[in-house]
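Summary of the model geometry
Single-letter residue listing:
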Amino acid sequence: FEGIAAADAPETFVGTLRGYQRLGLGWLRFLQELDLGGCLADDMGLGKTVTVLALLEARRTEKGGAPRASLVVAPRSLLFNWKREAERFAPALRVAEYHGSGRDEVLTSLDAFDLVLTTYGTMRRDVAALGGAEFDYVVLDEAQAIKNAATASAKATRLLRARHRLALSGTPIENQLGDLWSLFEFLNPGLLGTLQHGLLARARKGDAAALDTLRRGLRPYILRRTKQQV
């Protein structure tokens, strides 16, 4: 391993990625190659959606294409933004909304789509149906929505099946270190052990050595840039 290199968006991507977005795309490809889940934690406004769309468009254009559709779970208020950004930057992606009446038809014809958009509420209510499908990527937008591991939404996300898992959140830790456990139990199940025992538990109790080890151990799985940095 010699480091993570920036990656270019495919030629079919409309627009130009900024330097830090190209590095973000390279990091996402690094995770993909190693079958690891990760959290893109850039500040709001730095283009997390655009970077993920470049990744999904790259998957579509690879030899043979993506093996199946990808699923994005987002707050209801952001569904229109995802659809609009996909139409603008990756118009070749076949996008469907799994939300509202008639959504059952989407699951019965998943092969006809590259990207399926749904809300946390719909995902939670329909987890039995969604959990029966297999996706290429499952992406959680505003992933702090599952910071409490005991909630129905957090439990439901862990039932979704996908080859790759990503989380997007400018605030992966909102209140306490325990927020990380819920996030990583979705991204890389078992990585942090249990919430009550192990490294994370010691870090939560103020163990400085455990906190430093946790910080270094999670560094490959979280990419965060602030507006000041870029």
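Heads up: these notes are all about the structure in this document. (Residues numbered from 1 in each chain as written. Predicted model: local features only at pLDDT ≥ 70, side-chain atom pairs only at ≥ 80, totals over all residues. Heavy atoms only, no water.)

Some details on the side chain of Ser153
- Within the secondary structure, Ser153 sits in helix H7 (residues 152-157).
- Residue class for Ser153 comes out buried when judged on its relative accessible area of 10%.
- Beyond its immediate stretch of four places on either side in the chain, Ser153 contacts Tyr120, Met123, Arg124 and Ile146. (Helix = DSSP H or I, 4+ residues; strand = E, 2+ residues; numbered from the N terminus. Buried < 20%, exposed > 50% of the residue type's maximum accessible area, 1.4 Å probe, protein only. Contact = heavy atoms within 4.5 Å.)

Concerning the packing of aromatic side chains
- Using the criterion set out here, one finds two aromatic pairs in the structure.
- Look at Phe13 and Phe89: their rings are 5.7 Å apart centre to centre, the planes differ by 15°, and that puts the pair in the stacked class. You can see Phe13 sitting in the segment before helix H1 (19-33) and its partner Phe89 sitting in helix H3 (residues 79-89), a full 76 residues away along the chain. Taken individually, Phe13 and Phe89 each receive the classification buried, so the pair is uniform in this respect.
- Between Phe184 and Tyr221, the aromatic rings sit 6.0 Å apart at their centres with planes inclined by 85°, giving edge-to-face as the arrangement. Placement of the pair is Phe184 in helix H8 (residues 178-187) and Tyr221 in the loop between helix H10 (208-218) and strand S7 (222-223), with a sequence separation of 37 residues.
- Overall, Phe184 belongs to the buried group, its relative accessible area being 1%.
- Its end group placed over the ring of Tyr98, Arg103 keeps NZ or CZ at 5.8 Å from the ring centre. (Phe/Tyr/Trp six-rings, centres within 6.5 Å; stacked < 30°, edge-to-face > 60°. Lys NZ or Arg CZ within 6 Å of the ring centre and 35° of its normal.)

Concerning the pattern of salt bridges
- Applying the stated criterion across every chain yields a total of 15 salt bridges.
- Across the pair Arg103 and Asp126 runs a salt bridge whose closest N-O atoms are separated by 2.6 Å. With Arg103 in the loop between strand S3 (95-97) and helix H4 (104-108) and Asp126 in the loop between helix H5 (120-125) and helix H6 (127-130), this pair connects stretches of sequence that are 23 residues apart.
- For Asp126, a relative accessible area of 12% translates into the label buried.
- Here Arg216 ties to Asp212 by a salt bridge, and the two come within 3.1 Å at their closest N and O atoms. Within this pair, Arg216 and its partner Asp212 are both found in helix H10, separated by four residues, close to a single helical turn.
- A relative accessible area of 34% places Asp212 in the partly exposed class. (Salt bridge = Lys/Arg side-chain N within 4 Å of Asp/Glu carboxyl O.)

Worth remembering: the numbers are spatial, not functional.
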